[in-house]
Amino acid sequence: MRKNNQINIWITNLKKKFFLKVKLVKFSQLDQWNINDKKIYHKNKSFFQIVPFIIKTNFGNIRSWSQPLIVQKEVGILGIIKRNNKYLLQAKLEPGNINKIQLSPTVQATKSNYLRKHGGKKTLYLKFFKTNYKKIKLLSKVKLSEQGSRYLNKLNYNILIESNKKVKKYNNFIWVDKKNLSFLIKKKNLLNMDTISILASVIKKNSKNYPVNTFKIIINKLNKFNNKYFLEIKRINFEELKLWKKTDKYISDIKKIFFSVIGVKISSNAREVKNWSQPIISDHSLAINGYLVKKIDNTYNYLLQIVIEPGFKYPKFTSTVCIKNFKKNNINLKKNPYVKLLFNKQNSIYDITHSDEGGRFYNNQSRNIIKTIKDTKNLKLKDNFVWVSHNQIVDLIKKNLLTIEARNLFACFNIDNIK
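Below, the structure is looked at part by part. As the structure is a prediction and not an experimental result, all values here were calculated from the model.

1. A word on the pattern of salt bridges
Right, so step 1: Applying the stated rule across the entire model yields eight salt bridges.
Right, so step 2: Two residues, Arg150 and Asp283, come together in a salt bridge whose shortest N-O distance is 3.0 Å. Linking Arg150 in the loop between strand 10 (136–145) and strand 11 (151–152) with Asp283 in strand 18 (residues 275–283), this pair joins segments that are 133 residues apart in sequence.
Right, so step 3: For Lys324, the salt bridge is made with Glu405, and the minimal N-O distance between the two is 3.3 Å. Of this pair, Lys324 sits in the loop between strand 22 (321–323) and helix 7 (326–329) while Glu405 sits in helix 10 (residues 404–413), and the two are 81 residues apart along the sequence.
Right, so step 4: Relative accessible area serves as the criterion here: at 10%, Glu405 is assigned to the buried category.
Right, so step 5: Here the salt bridges share partners, and the residues they tie into one network are Lys92, Glu94, Arg271 and Glu272.

2. Quick look at the pairing of strand 17 (residues 259–268)
Right, so step 1: Across the ten residues that make up strand 17, a large majority, nine, are buried.
Right, so step 2: As defined by bridge partners, strand 1 (residues 20–25) adjoins strand 17 across six bridges and the pair is classed as antiparallel. Within strand 17, the residue paired with Val25 across the bridge is Gly263.
Right, so step 3: When strand 16 (residues 250–253) meets strand 17, the two strands line up antiparallel, connected through three bridges. Residue pairing for strand 17: Tyr250 is matched across the bridge by Ile262.
Right, so step 4: Between strand 16 and the antiparallel strand that follows it, strand 17, lie five residues; Lys256 among them carries a positive phi value of about 60 degrees.
Right, so step 5: In this structure, strand 17 lies alongside strand 18, joined through nine bridges in antiparallel fashion. Residue pairing across strands places Ser267 opposite Asn275, the latter belonging to strand 18.

3. Observations regarding empty space enclosed by the protein
Right, so step 1: With the rule as written, the count across this model stands at one cavity of 30 Å³ or more.
Right, so step 2: The computed volume of the largest cavity comes to approximately 190 Å³.
Right, so step 3: Around the largest cavity, the lining comprises 21 residues; the ones closest to its centre are Asn289, Asp356, Ser366, Asn368 and Asn408.
Right, so step 4: Only helix 5 (193–200), strand 19 (287–296), strand 22, strand 23 (348–355), strand 24 (365–372) and helix 10 provide two or more residues apiece to the lining of the largest cavity.
Right, so step 5: Looking at the lining of the largest cavity, the element that brings in the most residues is helix 10, giving five residues.

4. Topic: unusual backbone geometry
Right, so step 1: Of note, the phi angle at Asn85 is positive, near 60 degrees, even though the residue is not glycine.
Right, so step 2: If you trace the backbone, Asn85 turns up in the loop between strand 6 (76–83) and strand 7 (86–93).
Right, so step 3: On the accessibility criterion, Asn85 (53% relative accessible area) is exposed.
Right, so step 4: Phi at Asn400 takes a positive value of approximately 55 degrees, unusual for a residue other than glycine.
Right, so step 5: Structurally, Asn400 can be placed in the loop between helix 9 (390–398) and helix 10.

5. Examining the packing of aromatic side chains
Right, so step 1: Scanning the entire structure with this criterion turns up 17 aromatic pairs.
Right, so step 2: Centre to centre, the rings of Tyr125 and Phe128 are 6.1 Å apart; their planes meet at 45 degrees, and the pair counts as tilted.
Right, so step 3: By relative accessible area, Tyr125 is classed as buried at 7%.
Right, so step 4: For Phe128, a relative accessible area of 9% translates into the label buried.
Right, so step 5: Note on Tyr302 and Phe413: the rings are 6.5 Å apart at their centroids and 75 degrees apart in plane angle, and the pair reads as edge-to-face. Here Phe413 lies in helix 10 and Tyr302 lies in strand 20 (residues 299–307), a separation of 111 residues in the sequence.
Right, so step 6: Assessed through its relative accessible area of 22%, Phe413 is described here as partly exposed.
Right, so step 7: Three or more aromatic residues joined by ring pairs form one cluster here, namely Tyr291, Tyr300, Tyr302, Phe410 and Phe413.
Right, so step 8: A cation sits over an aromatic face here: Lys21 above Phe19, 6.0 Å from the ring centre.
Right, so step 9: Here the guanidinium or amino end of Lys39 rests over the ring plane of Tyr41, the centre of that ring lying 4.9 Å away.

Parameters and conventions
Residues numbered from 1 in each chain as written. Predicted model: local features only at pLDDT ≥ 70, side-chain atom pairs only at ≥ 80, totals over all residues. Heavy atoms only, no water. Salt bridge = Lys/Arg side-chain N within 4 Å of Asp/Glu carboxyl O. Helix = DSSP H or I, 4+ residues; strand = E, 2+ residues; numbered from the N terminus. Buried < 20%, exposed > 50% of the residue type's maximum accessible area, 1.4 Å probe, protein only. Pairing = 2+ DSSP bridges. 1 Å grid on protein atoms, 1.4 Å probe; cavity = no way out; pocket = protein on both sides within 12 Å on 5 of 7 lines; lining within 4 Å. Points joined across faces, edges and corners; volume = space filled by probe spheres on them. Phe/Tyr/Trp six-rings, centres within 6.5 Å; stacked < 30°, edge-to-face > 60°. Lys NZ or Arg CZ within 6 Å of the ring centre and 35° of its normal.

That's the geometry; what it means functionally is another story.
Pasting the structure below:
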């Protein structure tokens, strides 16, 4: 077993060895990128686009708004290799990483990247996930969604494979076991969001499970919500973005409740290419992502809410509280019973800040909180809230019915129970 302090030393040494310089620039200074009235896009039509939309819905307090979304039709590969009960992670530098290096999956690559549209180095270990080997066992492969408030219908394969043959380890890769992961998940902004997402997809079920509701009741609730509420999305021009300001330096919402789109130039000695530029999304303030949980005969039940977001084709379940830019978006939520319980100083069982993936998001953070509540008799549930047990959440993840925010927080709490 690798000692946790050895991992800290290893990361510290890599930070000294690798450099990552990120400079904010104007959109007109982004090499190989174009911006017109309708989108920001790469000149070779690869990677991703940023496109403005108008959204209309009959759910929630705001019934109509406009915002940009990341459009990336490619399905990426997020994969981890397991061998001898250890997991191979890479120390990856991304322009949006607050702490420079985060521990990412063995393979974290869009199709454009692993097809080397950037003209750089090949993706290491890709063959393990693209080729069938006799000594490779597929433990899990699930197509899961990204943030529905930031991406349009974005999916990635979350894959865990097990190798029975020796795997060559490169300098910026490290083998970690479950105890190491339990340590790392409690460190601020260290485990990459995509690493946690893969781990969420391989949480094992408990041998005993005591749910509040049957799975049929839970799915029926989702179906009723889907039949009652709609969400329409339509492409528009940047000039039609209401309550947004567009300049050559940024595209940002005036009320600071969404995010800004900015441009960055990057240089590094530890990426497939040494220099590149790109647009990137930056939130205005910390997000809050939290579960209220209660225990029934040693089974944790989680309070989930059903949401409809512009980047999802259908509604999904998410955390009890999931609010981006909490400082601005909590103005009308001071009397929200779920928020009040979440910020109660008592009964906290998890409270750590993690980052969004640094390839698309610049210094975005979420405070992830889990609180136990014993007395739920006086807690009145809104129609889109429901109690869901551990095993039922595992099933929801497999069906891609849980948002990335919710499944990652579930993984943080159940990291000891992965395959």
